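# Chain and residue survey
Each chain is listed here by its residues.
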Amino acid sequence: MNRKIIVLDTTLRDGEQVPGAKLNVHQKVEIAQQLKRLHVDIIEAGFPASSAGDFQAVRQIARTVGDTVSITALARAVKSDIDAVYESIKEARQPLIHIVLGTSNIHVEKKFNRSKEAVLQMGVDAVRYAKTLLSHVQYSTEDASRSEFDYLWKTIESVVKAGATMINVPDTVGYAVPEQFGELIRKINERLKNLDDRVVLSVHCHNDLGLATANTLAAVKNGADKVECTINGLGERAGNTSLEEVVMALKVRENYYGCRTDIQTKELLRTSRLVSHLTGLDVQVNKAITGENAFAHSSGIHQDGLLKDKQVYEIMSPEEVGAESMELILTARSGRHAFKNAVEKMGFDTSDAADFETLFQQFLALADAKKEVYDHDVFYLVTNHRTIEPSDAHLYVLESFQVISSDQTPTATVKLKKGAETIVGSSVGDGPIDALYGVIKSLVGIDVQLKDYKISSLSRGKEAIGRVNIRIEYEGKTYSGRAMDTDIVKASANAFLNGINAVVLDLAKV
Ligand code: KIV
Ligand code: ZN
C-alpha cells in the first residue's frame, strides 16, 4: 500500500503575503471552498494575530469549510498569537495550531537577541501552552536548512516532548539543494521515528533558487509524510512549492516515490485559475501543469508523434488536471436548467433560489454581450458574484461613464455613487484611461499613484471578457484592484475603484 502524503495548502497565509495579493474575506472563503473541492488535507487559512481582518477571515473559513478539512493558522511563539489562532479555528472539526520559531544562528541572534537556550525554552513553553487548548500542534523550526543540526534536533526533541504532533522543517529562504535537504530529512526522520513515531514530519520549501519542488520531492523520498504548498507556487519572494507540481510528480512517478495524495487532480486547473483571478497574479504561460502552454504541442514532429499515440510526447493527459472540463459552450438560449447544470458541475451550490436568479440574470447579460459563454466564463461569473464585498455606504460604486478617445484631448466623464450621495465630474488626460483615472481620483479626493495597469483576455471568442488588474500606491502601501467586463473601459474604471475602495477600507480601520 502506498504511503499517503498529507497536503497542507498555505495559499491563504504564505501565498497571500505577496505584495498586492491581498484578498477580502469573501475571496478567501471562495478559495477555501475550492481547496476543499480539491481535497487538500489541511488549509492554513491565515495569520490571525496580524489583523482583525485576518482573524475574521480565518474564523469564517473554519466555519464554512472546517467540517471536512483540517484548518490551521500561524502563531509566533507567544501566548497572544496562540490565543488568536485558537479562537479563530476552534469551530473547525480538526483544528491545528501552527507555531513558528527560528532555529538558525542568524534568526536566534538577530531576530530575538537571546541565548539559544532561552529561544528553545520559548518554543517549549509555546507548545505546552498550545496543548492546553488543542491536541494538535505543529511546530515549525524556521530557517531549518541554515541551522546547526545539533541545535535543530535538540529543538525538535524538546518540542515533541512538550507535545508537538507535527514537526515542520522549513527551507525559509530557499537555500537548500535537493541532495542535502533530502539527507537532512532522512536524519531527522530516523531520529524522530525512534523518539515518537506518531509525530508527522513535514516540509515547507521556498523557491529562491527554483528548487522548491525538487527539494520537497527529495524530502518525501527521504521520509517526509507531509508537504506544505501553495497554488501556482505563490508566496514570499520567489514563492513556495507549487502544489500542482508536487501532486502531479507524485502521481506520474508513483512507482518511483511509492506515495499518493488524496488530491482530486481534475480540480487543479480550476483552482489555479481561481487563485490567479482573485489575486490578480498571472500564471506564466510555460508553468508546469497549469500554464497555458503546459499541454500545447507546436512542433510538427511532436504533433505528428501525438497523432500516432498520445504517449509519444505526453506523460500525463490534460484531462487529468481538469483541462477538458473547461469546454462547455452556453448561449443566451441555453436556459436556466443548462446554466444551473453548468454551475453545479463546477461544484457550486445553487440552493439559494434568489441568489441563483441574480446569477442567471448576469449570465443572460453576459451571453447577450458575448454570444458564446464557455465553462470558464461561467466559473468567473460565479466566483466574481460570490466574492464581491457587501455594499458598504463608505465605498464608491460606478454609476455611469463616458470616455472619449482622441489624439487631441482624451476626455472622461464619470458619475459615482457613495451611499446616498452622487458625484459627477470630468477630466482630460494623456490618454482615455489617464483621463478616466484622473476624474475618479479627483471625485474621491484620494491622491493614489497608479503603479501598474494590466489588461488581459479571460476567454476565447470575439467578445471575450477583459480583465483589468491595477496596482496603486497610497502613503507607502500597495493596494490592488481588479475587475472584468466585456467592456474593457468599464473594467478599467471598476478595477481602479476597487483599488480605491481597498484604501478607503484601510483608512476606516485606523
Ligand atoms: O517559510 C517559513 O519558514 C514559513 C514558516 C511559517 C513555516 O512560512
Ligand atoms: Zn514560508
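Computed from a prediction, not measured in an experiment: that's the story for all the values here. (Residues numbered from 1 in each chain as written. Chains lettered and ligands numbered in written order. Predicted model: local features only at pLDDT ≥ 70, side-chain atom pairs only at ≥ 80, totals over all residues. Heavy atoms only, no water.)

## A look at the coordination of the zinc ion (ligand 2)
Metal coordination angles have textbook ideals: 109.5 degrees for a tetrahedral set of four donors and 90 or 180 degrees for an octahedral set of six. Using the following cut-off: Coordination partners: N, O, S within 2.8 Å of the metal, 3.2 Å for Na, K and Ca; water not considered, so apparent gaps in a site are possible. Whether a residue is buried, partly exposed or exposed follows from its accessible area with a 1.4 Å probe, protein chains only, as a fraction of its type maximum: under 20%, in between, or over 50%, in that order.
Around the zinc ion (ligand 2), the donor atoms from the protein are D14 (OD), H204 (NE2) and H206 (NE2), and they sit 2.0 to 2.1 Å away. Taken in chain order, the donor set of the zinc ion (ligand 2) reads D-x189-H-x1-H. Judged on exposure class, the residue H204 and its partner H206 are both buried.

## Considerations on the sheet that holds strand β16 (residues 449-457)
Under the convention used in this document: DSSP-based pairing: two strands are paired if at least 2 bridges between them are found. Helical segments are the DSSP runs of H or I of at least four residues, strand segments are the runs of E of at least two, and each set is numbered from the N terminus. An axis is simply a line fitted to the C-alpha atoms; with a helix, the fit covers only the stretch in contact. Between two such axes, the angle follows the N-to-C directions and lies from 0 to 180 degrees.
Pairing is antiparallel across the open sheet formed by three strands, whose spatial order is β16-β17-β18. This sheet does not close on itself; its edge strands, each paired only once, are β16 and β18 (477-485). Adjacent strand axes in the sheet meet at a mean angle of 15° when their direction is disregarded. Pairing of β16 with strand β17 (residues 466-474) involves eight bridges; the strand directions are antiparallel. Counted as the bridge partner of L450 is I472 from β17.

## Considering empty space enclosed by the protein
Note the threshold: For cavity detection a 1 Å grid was placed over the protein atoms alone, and a set of points counts as a cavity when a 1.4 Å probe fits there but cannot get out; an open set counts as a pocket when protein lies on both sides within 12 Å along at least five of seven lines, with lining residues being those that have an atom within 4 Å of a point. Grid points are joined across faces, edges and corners, and a volume is the space filled by probe spheres set on the points.
Throughout the structure, instances matching the rule amount to one cavity of 30 Å³ or more. Of the pockets and cavities examined, the largest cavity occupies roughly 50 Å³. T279, G280, D452, K454, N469, I470, R471, S480 and R482 are the residues that line the largest cavity. Broken down by secondary-structure element, the contributors of at least two residues to the lining of the largest cavity are β16, β17 and β18. Tallying contributions element by element places β17 first for the lining of the largest cavity, with three residues.

## Quick notes on the site of ligand 1
We count it as follows: Nearness is defined per residue: one heavy atom within 4 Å of the molecule or strand is enough. N or O atoms within 3.5 Å of each other form a polar contact, as long as, within protein, one can give a hydrogen and the other can take it, and as long as residues adjacent in sequence are counted only when both atoms are side-chain atoms. Each residue gets one of three labels, nonpolar for Ala, Val, Leu, Ile, Met, Phe, Trp, Tyr, Cys and Pro, charged for Asp, Glu, Lys and Arg, and polar for the others, Gly among them.
In the vicinity of ligand 1, the residues found are R13, D14, L74, H98, V100, S140, E142, N168, P170, T172, H204 and H206. A distance of 2.7 Å separates an oxygen atom of ligand 1 from a polar atom in the side chain of T172. In this structure, H206 approaches ligand 1 through a side-chain N or O atom, which is 3.0 Å from an oxygen atom. Its residues assigned to classes, the shell around ligand 1 comprises three nonpolar, six polar and three charged.

## Comments concerning the packing of helix α3 (residues 79-89) against helix α5 (residues 116-133)
For any two helices packed against each other, one specifies the crossing angle of their axes together with the interaxial distance. The line we're drawing: Roughly parallel covers angles under 35 degrees, roughly antiparallel covers those over 145, roughly perpendicular covers 65 to 115, and oblique covers all other angles. A crossing counts as left-handed when the near helix is turned anticlockwise from the far one by less than a right angle, and as right-handed when that turn is clockwise. We call two residues in contact when some of their heavy atoms are within 4.5 Å.
Relative orientation of the contacting elements α3 and α5 amounts to 30°, with a least axis distance of 10 Å. Comparing the axis directions of α3 and α5 gives the class roughly parallel. α3 and α5 meet at a crossing whose hand is right-handed. Within the contact between the two elements, α3 uses K79, I82, D83 and Y86 and α5 uses A126, Y129, A130 and L133. Taken together, the residues of the contact of α3 with α5 sort by class into six nonpolar, no polar and two charged.

Keep in mind these numbers describe shape, not what the thing actually does.
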